[in-house]
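Summary of the model geometry
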Amino acid sequence: SAVISQKPSRDICQRGTSLTIQCQVDSQVTMMFWYRQQPGQSLTLIATANQGSEATYESGFVIDKFPISRPNLTFSTLTVSNMSPEDSSIYLCSAEGGRMVGAFFGQGTRLTVV
Amino acid sequence: GENVEQHPSTLSVQEGDSAVIKCTYSDSASNYFPWYKQELGKRPQLIIDIRSNVGEKKDQRIAVTLNKTAKHFSLHITETQPEDSAVYFCAASKWGRDDKIIFGKGTRLHILP
């Protein structure tokens, strides 16, 4: 399997600010995704990060709040904009394709908004 | 879109006994069904997967079965051990079509001493 590095691993942010989370894969992958996971809950897909085009967002998530970049086949960023305490959660990137069989996850970013 | 239902939400079994987690999916076009294990504070880890062209797959103490007609798939863990305690997620996707993976709500498995 590939190595997926995500950073930061955690952060405490002031409401109204923005945080950008980075996800780096050590090999080229076809698909990259961003998920949100509340403690003890399942994974909710935010969007699919498309290389060279706009991300595809799931219902309830919009680009203005969660802008996503994917400049190449190994890297993606998720920005959580104008944060409120309700955005406190764990954010996970995921990648599949290339030499990977199945989808693999980064270690997650634990975000606390105060 | 795809919807994955998972049961039970919590499962407790005696160490050494077997555990079974069941999932159903709604989209008959789904053809890839991975299972993930997530320990507390860690990322989900892929433990086993099955594609729609097979009915069963085994890897040591874990096995998955798939019934395409009924749109059911299950995870079986035999001879459970304390380290099997975790949250398990089933998922479904359309492999080869660059499609997203949809997760069930998870099963918290407790292995009792």
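In this text, all values refer to a predicted model and were calculated from it rather than measured experimentally.

**Comments concerning the sheet that holds strand β7 (residues 68-72) of chain A**
Residue and element names in this part refer to chain A. The four strands are arranged β1-β3-β8-β7 in an open sheet whose pairing can be described as antiparallel. In this open sheet, the two strands that pair with only one neighbour each are β1 (4-7) and β7. With direction set aside, neighbouring strand axes in the sheet form an average angle of 15°. Two strands pair when backbone bridges link them, and strand β3 (residues 19-25) and strand β8 (residues 75-80) are joined in this way by six bridges, in the antiparallel orientation. Looking at the pairing, Cys-23 lines up with Ser-76 of β8.

**A short note on the pairing of β7 of chain A**
Residues and elements named next belong to chain A. Here three bridges tie β7 to β8, and the two strands are oriented antiparallel to one another. In the strand pairing of β8, Ile-68 is matched with Leu-78. From the end of β7 to the start of β8, which pair antiparallel, there are two residues.

**Some remarks on the nonpolar core**
Within the largest apolar cluster, 28 residues are counted, with the highest numbers of intra-cluster contacts made by Trp-34, Ile-46, Phe-66, Ile-68, Leu-78, Tyr-91 and Leu-111 of chain A. By residue number, the principal contributor to this core is β3 of chain A, which donates four residues. Excluding anything up to four places from it in sequence, Tyr-91 of chain A contacts Gln-6, Ile-21, Tyr-35, Arg-36, Ile-46, Phe-66, Leu-78, Val-80, Gly-108, Thr-109 and Leu-111 of chain A. Among the nonpolar cores identified, the runner-up in size contains 24 residues, and Val-13, Ala-19, Leu-75 and Ala-86 of chain B belong to it.

**Digging into the layout of surface pockets**
Here the idea is plain: a probe the size of a water molecule rolls over the atoms and shows the empty space left. Of the voids in this model, the largest pocket is the one considered here, and its volume is about 580 Å³. Lining the largest pocket are 31 residues, and of these Gln-37 and Gly-40 of chain A together with Gln-38, Leu-40 and Gly-41 of chain B sit closest to its centre. Sorting the residues of the lining of the largest pocket by element identifies β9 (89-96) and β11 (109-113) of chain A together with β9 (86-92) and β11 (107-112) of chain B as the ones contributing at least two each. Split by residue class, the lining of the largest pocket holds eight nonpolar, 16 polar and seven charged. What the second largest pocket holds in volume is close to 480 Å³. Lining the second largest pocket are 24 residues, and of these Ser-42, Leu-43 and Thr-44 of chain A together with Phe-103 and Lys-105 of chain B sit closest to its centre. Contributing elements (two or more residues each) for the lining of the second largest pocket: β4 (31-37) and β5 (43-49) of chain A together with β1 (4-7) and β10 (102-103) of chain B. Element by element, the count of residues in the lining of the second largest pocket is highest for β1 of chain B, at four residues. When grouped by side-chain class, the residues that make up the lining of the second largest pocket number eight nonpolar, 11 polar and five charged.

Analysis parameters
- Residues numbered from 1 in each chain as written.
- Chains lettered and ligands numbered in written order.
- Predicted model: local features only at pLDDT ≥ 70, side-chain atom pairs only at ≥ 80, totals over all residues.
- Heavy atoms only, no water.
- Pairing = 2+ DSSP bridges.
- Helix = DSSP H or I, 4+ residues; strand = E, 2+ residues; numbered from the N terminus.
- Axes fitted to C-alpha atoms, helices over the stretch in contact; angles between N-to-C directions.
- Core = buried A, V, L, I, M, F, W, Y, C linked by side-chain atoms within 4.5 Å.
- Buried < 20%, exposed > 50% of the residue type's maximum accessible area, 1.4 Å probe, protein only.
- Contact = heavy atoms within 4.5 Å.
- 1 Å grid on protein atoms, 1.4 Å probe; cavity = no way out; pocket = protein on both sides within 12 Å on 5 of 7 lines; lining within 4 Å.
- Points joined across faces, edges and corners; volume = space filled by probe spheres on them.
- Nonpolar A, V, L, I, M, F, W, Y, C, P; charged D, E, K, R; others polar.

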